[in-house]
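# Inside the fold
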Amino acid sequence: MCELLGMNSSKPAALNFSFAGFSERGGRTGEHRDGWGIAFHEASGCRLIIDHRPSIDSPLAQALKHHPVKARNVVAHIRKATQGAVAPQNSHPFTRVLWGTTWSFAHNGNLSSFRPAPDPHVVPAGETDSERAFCYLLAGLRRRFPVQPPSRAALFTAVQTMAAVIARHGSFNFILSNGDFLLAHCSTELHYVVRAYPFASASLVDCDLRIDFRQHNHLDDQIVVIATLPLTTGERWHRLAPGELRLFAGGAPQAIHPGPGSDSGSTPLRLLMSY
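Residues numbered from 1 in each chain as written. Predicted model: local features only at pLDDT ≥ 70, side-chain atom pairs only at ≥ 80, totals over all residues. Heavy atoms only, no water.

With their axes 10 Å apart at the nearest point, helix α3 (residues 129-144) and helix α4 (residues 152-166) run at an angle of 140° to one another. As summarised for this structure, α3 and α4 are arranged oblique, according to the angle between their axes. As for the relative orientation of α3 and α4, their crossing is right-handed in sense. Judged by residue contacts, Ala 133, Tyr 136, Leu 137, Gly 140, Leu 141 and Arg 144 of α3 engage Leu 155, Ala 158, Val 159, Thr 161, Met 162, Ala 163, Val 165 and Ile 166 from α4. Split by residue class, the contact of α3 with α4 holds 11 nonpolar, two polar and one charged. (Axes fitted to C-alpha atoms, helices over the stretch in contact; angles between N-to-C directions. Helix = DSSP H or I, 4+ residues; strand = E, 2+ residues; numbered from the N terminus. Parallel < 35°, antiparallel > 145°, perpendicular 65-115°, else oblique. Left-handed = near helix turned anticlockwise from the far one by under 90°. Contact = heavy atoms within 4.5 Å. Nonpolar A, V, L, I, M, F, W, Y, C, P; charged D, E, K, R; others polar.)

Here it is in structure tokens:
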């Protein structure tokens, strides 16, 4: 299976410490040698870097460790191919524009029987089940809310409903972001840690690096890091429950309480399958 890494921060922040450990799993401490990628949601837009080579052998991955990019939301992935060739078009994250905003998505799992009918507005460029699931999610949101983005509560409910349908076809751990907030869905394995005052020291599991976050953060900084498996020791990681969807904004998990009008203006969603 693949592995996921995400970040949501109250301010633009660099993910280089966590990425240093995560990239080790792309060929050195893990078997995920079939490509990697990372999407940075910056103020100017979404910057996407993908490579079909293992992250441990990738010059692009090495460059990121030494020249980190600061962003409020980051989605990253290392791939162990289950569907689709080892090729750039099959490397996660995938990006698409919806309501004038770039969304990024990465998936861990295998959806062996997921074959939704194609939507002419959101067409996969590669051959993976992951990109099909991403296109299905965005097409479903577009059908429900064709004119403008809904409230967070309404969007959360719609994604939760569609994720449950997709997860019937296999394991569906994913991270999805529009640059404003980040959604994380657990099917089998997904964890997160909140880094905030008074901050802690942490050591990477996958390589010999340690950091004292007190020396690198201000009192009002707050960051959430999401990973398939915990990346560090010395800080508290929380495990998501199977079937759980969480929304992170401002560097913290958010409580979503859908109101009676959260689906106002929406149209029913149907999964159209073709085998």
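In this section: the sheet that holds strand β3 (residues 45-51). In space, the seven strands of this open sheet follow the order β3-β2-β4-β1-β12-β9-β14, with antiparallel pairing throughout. The two strands at the open ends of the sheet, each matched to only one other strand, are β3 and β14 (238-239). When strand β1 (residues 3-14) meets strand β12 (residues 222-227), the two strands line up antiparallel, connected through five bridges. Its bridge partner lying in β12, Met 7 is registered against Val 225. (Pairing = 2+ DSSP bridges.)

The next point concerns the packing of helix α1 (residues 16-24) against helix α2 (residues 59-66). Look at α1 against α2: their axes get within 9 Å of each other, and the N-to-C directions meet at 150°. The angle between α1 and α2 falls in the class roughly antiparallel. Viewed along their axes, α1 and α2 form a crossing whose handedness is left-handed. Here Asn 16, Phe 19, Ala 20, Ser 23 and Glu 24 of α1 lie close against α2, whose contacting residues are Ala 61, Leu 64 and Lys 65. Considering only residue class, the contact of α1 with α2 consists of four nonpolar, two polar and two charged.

We now examine the pattern of salt bridges. Applying the stated criterion to the full structure yields 16 salt bridges. Here Glu 24 and Arg 28 are joined by a salt bridge, their closest N and O atoms 3.2 Å apart. We classify Glu 24 as buried; its relative accessible area is 7%. Asp 180 serves as the salt-bridge partner of Arg 152, at 3.2 Å between the closest nitrogen and oxygen. On the criterion of sequence distance, the pair formed by Arg 152 in helix α4 and Asp 180 in the loop between β7 (173-177) and β8 (182-185) is long-range, its members being 28 residues apart. A network of salt bridges, in which partner residues are shared, links Glu 3, Arg 25 and Asp 206. (Salt bridge = Lys/Arg side-chain N within 4 Å of Asp/Glu carboxyl O. Buried < 20%, exposed > 50% of the residue type's maximum accessible area, 1.4 Å probe, protein only.)

With that settled, consider the sheet that holds strand β11 (residues 210-212). Working definition: the strands of a sheet are paired by backbone hydrogen bonds and lie parallel or antiparallel to each other. Pairing is antiparallel in the open sheet, where three strands are placed in the order β11-β10-β13. Every other strand in the sheet has two partners, leaving β11 and β13 (232-233) as the edge strands with one partner each. Here strand β10 (residues 201-204) pairs with β13 via two bridges, running antiparallel. Each residue of the ladder has a partner; that of Ser 203, found in β13, is Thr 233. Together, β10, β11 and β13 form the strand contacts of α1, whose direction differs from that of β10 by roughly 25°.

Two aromatic rings are characterised by how far apart their centres lie and by the angle between their planes. What the rule picks out here adds up to 10 aromatic pairs. On the basis of an interplanar angle of 65° and a centroid distance of 5.1 Å, the ring pair of Tyr 192 and Phe 248 is categorised as edge-to-face. In this pair, Tyr 192 is assigned in strand β9 (residues 191-196) and Phe 248 in strand β15 (residues 245-249), connecting sequence segments 56 residues apart. The same class applies to Tyr 192 as to Phe 248, namely buried. Taken together, Phe 105, Phe 134, Phe 172 and Phe 174 form an aromatic cluster joined through their ring pairs. (Phe/Tyr/Trp six-rings, centres within 6.5 Å; stacked < 30°, edge-to-face > 60°.)

A few words on the pairing of β3. Where strand β2 (residues 36-42) meets β3, seven bridges bridge the pair, whose relative direction is antiparallel. Paired with Ile 38 across the bridge in β3 is Ile 49. In this antiparallel pair of consecutive strands, β2 and β3, the connection spans two residues.

Okay, the pairing of β9 next. Note: β9 against β12, six bridges, orientation antiparallel. Looking at the pairing, Val 193 lines up with Val 225 of β12.

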